[in-house]
Amino acid sequence: MVKTDSLFREGLQPLLLSKVELSKSGKGWHRTGDRISYSPNEHKFSKAGQLLPFQSLSVDIVFPHDNDACFLASCYPYTYTDLQKHLLELTSDASREGVLVRKTLAVSAAGNACDVVMVSSPLDALRLPLLRAKPAIVVSARVHPGESNASYVMHGVLEYMTGSAHCAQVLRDSHVMYLIPMLNPDGVINGNTRCNLSGQDLNRQWLDPNWSQHPTVRSLKGLLEDLAGEGRLVLYIDLHGHSNKKGFFLYCCDSSVSTLPLILAKRSPFFALGSCTYKVAKQKQCTGRAVVYNHIGCGKSFTLEASMMGADLGDGDGSSIHFNPGHLRQMGAHLCEAITEYILPEKIQQRP
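The following refers to the structure shown. (Residues numbered from 1 in each chain as written. Predicted model: local features only at pLDDT ≥ 70, side-chain atom pairs only at ≥ 80, totals over all residues. Heavy atoms only, no water.)

## Some thoughts on the packing of helix H4 (residues 166-174) against helix H9 (residues 325-343)
Part 1 of the argument: Taken N-terminus to C-terminus, the directions of H4 and H9 make an angle of 55°; their axes are 9 Å apart at the nearest point. Considering their axes alone, H4 and H9 lie oblique with respect to each other. Crossing angle aside, the handedness with which H4 passes H9 is left-handed. Judged by residue contacts, Cys167, Val170 and Leu171 of H4 engage Cys336, Glu337, Ile339 and Thr340 from H9.
Part 2 of the argument: Among the residues forming the contact of H4 with H9, the class breakdown is five nonpolar, one polar and one charged. (Axes fitted to C-alpha atoms, helices over the stretch in contact; angles between N-to-C directions. Helix = DSSP H or I, 4+ residues; strand = E, 2+ residues; numbered from the N terminus. Parallel < 35°, antiparallel > 145°, perpendicular 65-115°, else oblique. Left-handed = near helix turned anticlockwise from the far one by under 90°. Contact = heavy atoms within 4.5 Å. Nonpolar A, V, L, I, M, F, W, Y, C, P; charged D, E, K, R; others polar.)

What follows is the structure, encoded as structure tokens:
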């Protein structure tokens, strides 16, 4: 491992799935492990002219059964198949009819569909042309395949925005949301951590993505450019997972948008306001957030980070919790509520 810092030094435990335990008791993925160590080893790599040590992770795990098949993960898995099942459930749910349309944004280099879900109301095939008059919000996730926690946050966004909550209804009535749940399907399917099938980090290709190697990013960038050209692009958020910080937090492009972090901090007890930043570092100029801000011209461009571990409890004794899928999905709902309050504060204040 190459990162000097890691949440394994802060108490992050790996997840274990035992097939025998699953069949016996129904117990699925769960945290386990003792004597966790993350430290430098004798091997070196070169970075910016410096020789730096690789890091080794060591953890003691007791496997619960003999003759078992066990799996380990750093975060709860969320596969391409999981996404397809969820999208099918949403589009087949009669209670959500008329608020979402599922389409293919692009086909990946390996031939896998990159879905886009349009959410608004009322919305059906006959009314699709009417969307061209509505301001747009775009949310994407899973450009980095190993950040499966981002998929759970997006899962929560999809559930909330197609449901009956007040903020969802307000936002659907006034805006259209374009939700891209899995921007790197090839990487997810093939078990990559950060790259696509050509070994490239797709979140470093936004300045000049090409159709052959980066078709999903090229298509999303084109969608954002079209929306901005029509004067309709209001906000863009890219969902990620973070491997060495706790809580949820936003990377913003400047301090003029500091209201959104404040709203999120009010709505989520696990939002880490102190971890938010309000600038674009030089090495991040080619990321989605930065390109949408600098080149496409959307001032409200953000990255939402979700810790791969969890959050401090804030009780003064240094205790913390590990996030589970429920925490992550709930953050998706909090994000939708915060966006509504941020963009349409008068609608939220008018609620009886």
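Having seen it, we continue.
## Re the sheet that holds strand S1 (residues 15-18)
Part 1 of the argument: Taken in spatial order, the three strands of this open sheet run S2-S1-S5, and their pairing is antiparallel. Two strands in the sheet have a free side with no partner beyond their single neighbour: strand S2 (30-31) and strand S5 (70-73).
Part 2 of the argument: Pairing analysis gives two bridges linking S1 to S2, with the strands arranged antiparallel. For Leu16, the partnering residue across the bridge sits in S2 and is His30. (Pairing = 2+ DSSP bridges.)

## Overview of helix H7 (residues 259-267)
One turn of an α-helix holds 3.6 residues; hence residues three or four places apart share an orientation.
Part 1 of the argument: Residues Leu260, Pro261, Ile263 and Leu264 constitute the buried set of H7. Burial along H7 is one-sided: seen end-on, the buried residues are contained in an arc of 160°.
Part 2 of the argument: Of the surrounding secondary structure, the elements contacted by the buried residues of H7 are strand S11 (248-252), strand S12 (277-278), strand S13 (301-307) and H9. (Buried < 20%, exposed > 50% of the residue type's maximum accessible area, 1.4 Å probe, protein only. Arc of directions from axis to C-beta.)

## Comments concerning the pattern of salt bridges
Part 1 of the argument: Counted according to the given criterion, the structure contains twelve salt bridges.
Part 2 of the argument: Arg96 is paired through a salt bridge with Asp93; the nearest N and O atoms lie 3.0 Å apart.
Part 3 of the argument: Overall, Arg96 belongs to the buried group, its relative accessible area being 13%. (Salt bridge = Lys/Arg side-chain N within 4 Å of Asp/Glu carboxyl O.)

## Notes on the sheet that holds strand S6 (residues 100-107)
Part 1 of the argument: An order of S6-S7-S9-S8-S10-S13-S11-S12 is seen for the eight strands of this open sheet, with the pairing classed as mixed. Two strands lie at the open edges of the sheet, namely S6 and S12, each paired on one side alone.
Part 2 of the argument: As judged from the seven bridges shared by strand S10 (residues 233-242) and S13, these two strands associate in the parallel manner. Paired with Leu239 across the two strands is Leu304, which belongs to S13.
Part 3 of the argument: Of the strands in this sheet, S6, strand S7 (113-119), strand S8 (136-141), strand S9 (176-180) and S10 touch helix H6 (residues 215-229), which is tilted by about 125° from S6.

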